[in-house]
Amino acid sequence: MSVLLLVATLAVTACGTRPDSGSQIDPLRRDFAMREAESLRARGARVWCVPFARNLSGVEIRGNARTWWGQAQSAFDVGSSPSVGAVMAFSATRSMPLGHVAVVSELVNERMLRVDHANWHRNKVSLGMAVVDVSENNDWSKVRLESNPGAFGSVYPINGFIRPNL
């Protein structure tokens, strides 16, 4: 069933139908986040998902990605539906014990979006990486990421989306 959904989602995307996302990532924030990441690499430092997501989204949370969802509960608008500029908070797993955070950069359709994030590929920034909702209830609680063009990897649990305070 998930494979069929993925194929259908990719087919709809290839046809060019996408809902209006209503907004875009602030280009000044993106430029700032990219400059900071490049500065870290130039100094031989690691580019992590947390500072990149914080710089890109404006969600001012500190600590490992696995703690963001809990910290966000009383300070930010949180929920299970994606929106451009929101931070997608991945749950910690055995293979990802510190969790992960990524910023929604585009809503493609009801079951696919794109994210900008850092350190999915070691010490690199990935822009516009496709993410497919593979949850049984269409609630974005489980996703697969396009790790390489056209190749979607493992299923990852998602806590939800953290929206920046305006």
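Residues numbered from 1 in each chain as written. Predicted model: local features only at pLDDT ≥ 70, side-chain atom pairs only at ≥ 80, totals over all residues. Heavy atoms only, no water.

1. Examining the overall build of the protein
Next, step 1: Regarding its fold elements, the protein presents four helices and seven strands.
Next, step 2: Starting at the N terminus and walking to the C terminus, you meet the elements of the protein as α-α-α-α-β-β-β-β-β-β-β.
Next, step 3: Taking the intrachain contacts of the protein between residues at least 6 apart in sequence as the baseline, contacts between residues at least 24 apart amount to 52%.
Next, step 4: As displayed, the protein offers around 8600 Å² of accessible surface, 53% of which is attributable to carbon and sulfur atoms. (Helix = DSSP H or I, 4+ residues; strand = E, 2+ residues; numbered from the N terminus. Contact = heavy atoms within 4.5 Å. Areas by Shrake-Rupley, 256 points an atom, 1.4 Å probe, with all protein chains shown as cover.)

2. With respect to the pairing of strand β2 (residues 87–90)
Next, step 1: Burial along β2 is two-sided: the residues V87 and A89 and M88 and F90 are all buried.
Next, step 2: When β2 meets strand β3 (residues 100–109), the two strands line up antiparallel, connected through four bridges. Note that in β3 the partner of F90 across the bridge is H100.
Next, step 3: Here β2 pairs with strand β7 (residues 151–163) via four bridges, running antiparallel. Paired with M88 across the two strands is F161, which belongs to β7. (Buried < 20%, exposed > 50% of the residue type's maximum accessible area, 1.4 Å probe, protein only. Pairing = 2+ DSSP bridges.)

3. Comments concerning helix α2 (residues 27–42)
Next, step 1: Along its 16 residues, α2 runs 22 Å from first to last C-alpha, staying within 8% of the 22 Å computed at 1.5 Å per residue.
Next, step 2: Where α2 begins, one side-chain oxygen reaches toward the backbone nitrogen of L28, 2.8 Å away; that side chain belongs to D26.
Next, step 3: Looking one or two residues past α2, G44 carries a phi angle of roughly 80°, positive in sign. (Expected span 1.5 Å × (residues − 1). Polar contact = N/O pair within 3.5 Å; in protein donor to acceptor, adjacent residues only side chain to side chain.)

4. Regarding the packing of α2 against helix α3 (residues 49–57)
How two helices pack is summed up by the angle between their axes together with the distance between the axes.
Next, step 1: For the pair α2 and α3, interaxial distance at closest approach is 7 Å and the crossing angle is 155°. What the angle tells us is that α2 and α3 run roughly antiparallel. Crossing handedness for the pair α2 and α3: right-handed. In this structure, α2 contributes R29, R30, F32, A33, M34, E36 and A37 to the contact, and α3 contributes F52, R54, N55, L56 and S57.
Next, step 2: When the residues that make up the contact of α2 with α3 are grouped by side-chain class, the tally is six nonpolar, two polar and four charged. (Axes fitted to C-alpha atoms, helices over the stretch in contact; angles between N-to-C directions. Parallel < 35°, antiparallel > 145°, perpendicular 65-115°, else oblique. Left-handed = near helix turned anticlockwise from the far one by under 90°. Nonpolar A, V, L, I, M, F, W, Y, C, P; charged D, E, K, R; others polar.)

5. What to know about the nonpolar core
Next, step 1: Counting 42 residues, the largest nonpolar core has W68, M88, F90, L113, V143 and I162 as the members making the most contacts within it.
Next, step 2: Setting aside chain neighbours within four positions, we find V143 in contact with M88, F90, V131, V132, D133, V134, S154, V155, Y156 and I158.
Next, step 3: The next biggest cluster of nonpolar side chains, apart from the first, holds six residues, and it includes M112, A130, V132 and F152. (Core = buried A, V, L, I, M, F, W, Y, C linked by side-chain atoms within 4.5 Å.)

6. Describing α3
Each full turn of the α-helix corresponds to 3.6 residues, which orients residues three or four apart in the same direction.
Next, step 1: When you tally the buried positions in α3, you get eight out of nine residues, the bulk of the element.
Next, step 2: Buried positions along α3 lie against α2, α4 (68–72), β2, β3, β4 (112–118) and β5 (125–133).
Next, step 3: Among the residues trailing α3, G58 stands out with phi positive, at a value near 85°.

7. Observations concerning the confidence of the model for the protein
Next, step 1: Across the protein, pLDDT averages 87, with 86% of residues at or above 70.
Next, step 2: Under a pLDDT of 50 for its full length, residues 1–22 has, in the predicted model, 25 contacts with residues more than four places off or in other chains. (pLDDT = per-residue confidence, 0-100.)

8. A look at the pattern of salt bridges
Next, step 1: Per the stated rule, a full pass over the model turns up seven salt bridges.
Next, step 2: For the salt bridge of R41 with E38, the shortest nitrogen-to-oxygen distance reads 3.0 Å. You can see R41 and its partner E38 sitting in helix α2, three residues apart, about one turn around the helix. (Salt bridge = Lys/Arg side-chain N within 4 Å of Asp/Glu carboxyl O.)

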